[in-house]
Amino acid sequence: MNRESALELLKPHLTQSRYDHTVRVTDVAIKLAEHYQVDSSKVELAAIFHDYAKYRDVKEMEQIILQSNLPKDLLHFHSELWHGPVGALLVKQEIGITDADILSGIHWHTTGKAHMSTFEKIIFIADYIEPGRDFPGLHEVRQQAEHDLDTACFLALKNTIAFLVKKQQSIYPDTFHAYNYFKRKIRGVI
Ligand code: DGI
Ligand code: FE
Ligand code: FE
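Keep in mind that what you see is a predicted model, and the values were worked out from it rather than measured.

Conventions and cut-offs
Residues numbered from 1 in each chain as written. Chains lettered and ligands numbered in written order. Predicted model: local features only at pLDDT ≥ 70, side-chain atom pairs only at ≥ 80, totals over all residues. Heavy atoms only, no water. Donors = N, O, S within 2.8 Å, 3.2 Å for Na, K, Ca; no water. Helix = DSSP H or I, 4+ residues; strand = E, 2+ residues; numbered from the N terminus. Buried < 20%, exposed > 50% of the residue type's maximum accessible area, 1.4 Å probe, protein only. Contact = heavy atoms within 4.5 Å.

Caption draft 1: Here's a closer look at the coordination of the iron ion (ligand 3). Coordination sphere of the iron ion (ligand 3), protein contribution only: H21 (NE2), H50 (NE2), D51 (OD) and D127 (OD), at 2.1 to 2.3 Å. Mapped onto the sequence, the residues coordinating the iron ion (ligand 3) show the spacing H-x28-H-D-x75-D. The distance between the iron ion (ligand 3) and the iron ion (ligand 2) comes to 3.6 Å, and D51 binds to both of them. Within this pair, whereas H21 is found in helix α2 (residues 16-35), its partner H50 is found in the loop between α3 (40-48) and α4 (58-67), the two being separated by 29 residues in sequence. For H21, a relative accessible area of 4% corresponds to the buried category. You can call H50 buried: its relative accessible area is 0%.

So this is what it looks like as structure tokens:
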């Protein structure tokens, strides 16, 4: 599937601003894929569809989680976390993409997880650093993204966890697992 037909399939599912975000994520992801020598046409599709389920009805997503193999513990956390795992499932069912790298890039783009592949890290970081974003500490993550994806992921996870703690929100276990994993990894223990 080429970029144009993928974007055409995506467009009806998003608002204009979310669509513009997606195009920026896609451009950053392709640059990272070229830099880290990962299949850029697959990265392009994962980036295009990463927020495919962002505006699905919460009740519909809840039913999908209950009726699929997705982990049920998602239901105990903020519904904002559901669009990654549910999106991967719907992109497979509705768009017909079956590639495991693309689907897992979509699945883990919000929470992250331990032992992420380079492909998954690229989608995770591109979503975080796209030029429309403005978070505290973003400059450092953008700089690290060009040199060391593990450090970039660690810093992004640290910032997100700190942000969620400040708002007294719950934090999904895989986000902590990812944080701890990258902390050990950049120290060279793993
Ligand atoms: O979909 P986007 O807005 O492009 O980006 P995203 O998928 O990373 O955003 C989801 C939001 O979910 C993010 O701003 C922080 C929030 N969130 C809520 N609970 C958690 C969480 N993010 C992580 N990583 N872990 C959580 O437990
Ligand atoms: Fe998202
Ligand atoms: Fe996004």
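Caption draft 2: Structural context of the side chain of E120. In this fold, E120 is placed in helix α7 (residues 118-129). In contact with E120, other than residues within four places in its own chain, are S104, G105, W108, K113 and H115.

Caption draft 3: Here's a closer look at unusual backbone geometry. If you check the backbone angles, Q37 has positive phi at about 55° while not being a glycine. Inspection of the secondary structure assignment puts Q37 in the loop between α2 and α3. Exposure remark for Q37: the relative accessible area of 74% places this residue in the exposed category. Look at Q168: it is not a glycine, yet its phi comes out positive at around 55°. Here Q168 lies in the loop between α9 (149-166) and α10 (173-186).

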